[in-house]
Amino acid sequence: MSASSSQLPDDTFDFADGDILPTVVRCSDFFDAQRAGRVGLANLGNTCFMNAGLQCLSHLEPLAAYFLSGSYKQDINHSSKMGRKGEFAEAFAELQLALWQTEQSHFKPKELRAKLAGFAPHLFENGDQQDVHEFLAFCLDGLHEDLNRVQVQPPPTTEQELEEDEKRAAHRDEEVAAALAWLRHLERGKSFLVDLMQGQLRSSLKCKQCGHQSKQFDPFLYLSLPVEFGMHKLTDALEKYLEEENLVGDEQWFCERCDAKVDATKKIDLWKLPPILILQLK
Ligand SMILES: [Zn+2]
């Protein structure tokens, strides 16, 4: 393996807060674009799901560049109880060096698998093939926690605080409610992965009897889109995901104004898109 972080130009990367340039910083700008990044991962026996997931993540170029440049080191959270004191991030950085070198055409991720199996034994049980989506979600969460720039977690948001947020947002533009919800999440989790991949959804519920509406803003790191027979384009799946849904029967919604379970509609909208949108087709 020939690539190392010391070979990279010192001033190529400057990922200050809010200063992400995903379309500008590309690994291929400074590596041999013909070969680097085209390194296969050997199958260690039912590890296709792991290899597929790792290759997907490793080819998000701003993410790979963040690790290859060593920028991630300044973000490692050594105190977070949710993370692994940087061990996960270091292992992922080593993988990037292996995948973005030009000497070898493939790499055996033996040590990495052992490490990941230690972090999440349930994902490697009995050496069986596992769900790649579950694996990806685990990786995104693990990397985020290891690189969370929030050193001291504030106490959980109380009902009272949520009510105050609601009051602040009432009678104002929805932007205020969305921004307050976004802020609540950033108070707890702020990492390079959040900068790059976190978006925000708006979920609207509407009572069919009295018209009362409830809106909620939630963050996401990826979207799971339904794929059905007859779909031809990615946007077909996206449209299906964003289709209005009827909540009837067992799925009825509790309307505060009617003080009863009622037939309702549910609609999800993309409120804030991240620089990199991760879509899972299920
Ligand atoms: Zn109602």
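About the criteria used
Residues numbered from 1 in each chain as written. Predicted model: local features only at pLDDT ≥ 70, side-chain atom pairs only at ≥ 80, totals over all residues. Heavy atoms only, no water. Core = buried A, V, L, I, M, F, W, Y, C linked by side-chain atoms within 4.5 Å. Buried < 20%, exposed > 50% of the residue type's maximum accessible area, 1.4 Å probe, protein only. Helix = DSSP H or I, 4+ residues; strand = E, 2+ residues; numbered from the N terminus. Domains from an automatic or database assignment. Contact = heavy atoms within 4.5 Å. pLDDT = per-residue confidence, 0-100. Donors = N, O, S within 2.8 Å, 3.2 Å for Na, K, Ca; no water. Tetrahedral: all angles 85-135°; square planar, octahedral: opposite > 155°, others 65-115°. Phe/Tyr/Trp six-rings, centres within 6.5 Å; stacked < 30°, edge-to-face > 60°. Lys NZ or Arg CZ within 6 Å of the ring centre and 35° of its normal.

- The protein chain goes by USP domain-containing protein in an unreviewed UniProt entry, where it is assigned to Polarella glacialis.

## Some points on the nonpolar core
Side chains that are nonpolar tend, in soluble globular proteins, to be buried together.
Here is step 1: One finds Leu 54, Leu 63, Phe 67, Leu 116, Phe 135 and Met 197 to be the most contacted residues of the largest nonpolar core, which totals 42 residues.
Here is step 2: Looking at this core, the elements with two or more residues in it are helix 1 (48-58), helix 2 (61-68), helix 3 (87-99), helix 4 (110-119), helix 5 (132-146) and helix 8 (192-197).
Here is step 3: Summarising the domain contributions, this core has at least three residues from each of domain 1 (5-146) and domain 3 (198-282).
Here is step 4: When residues no more than four places from it in sequence are discounted, the contact partners of Met 197 are Leu 60, Leu 63, Leu 140, Phe 220, Leu 221, Pro 274, Ile 276 and Ile 278.

## Looking at the confidence of the model for the protein chain
Here is step 1: Per-residue pLDDT for the protein chain has a mean of 85; in total, 87% of the residues score no lower than 70.
Here is step 2: Here residues 1-25 scores under 50 on pLDDT; set against residues more than four positions off or in separate chains, the count is 44 contacts.

## As for the coordination of the zinc ion
Here is step 1: Those protein atoms acting as donors to the zinc ion are Cys 207 (SG), Cys 210 (SG), Cys 255 (SG) and Cys 258 (SG), and they sit at 2.3 Å.
Here is step 2: Given 4 donor atoms and angles of 106 to 113° at the metal, the environment of the zinc ion is assigned as tetrahedral.
Here is step 3: Cys 258 sits in the partly exposed class, given a relative accessible area of 27%.

## Considering the packing of aromatic side chains
Here is step 1: Within the structure shown, the criterion is met by 10 aromatic pairs.
Here is step 2: Ring plane angle 70° and centroid distance 4.9 Å describe the contact between Phe 67 and Phe 92, whose orientation is recorded as edge-to-face. Of this pair, Phe 67 sits in helix 2 while Phe 92 sits in helix 3, and the two are 25 residues apart along the sequence.
Here is step 3: For Phe 92, a relative accessible area of 3% puts it in the buried group.
Here is step 4: Taken together through their ring pairs, the aromatic side chains of Tyr 66, Phe 67, Tyr 72, Phe 92 and Phe 192 make up a single cluster.
Here is step 5: When the ring centre of Trp 182 is taken as reference, the NZ or CZ atom of Lys 272 above it lies at 4.7 Å.

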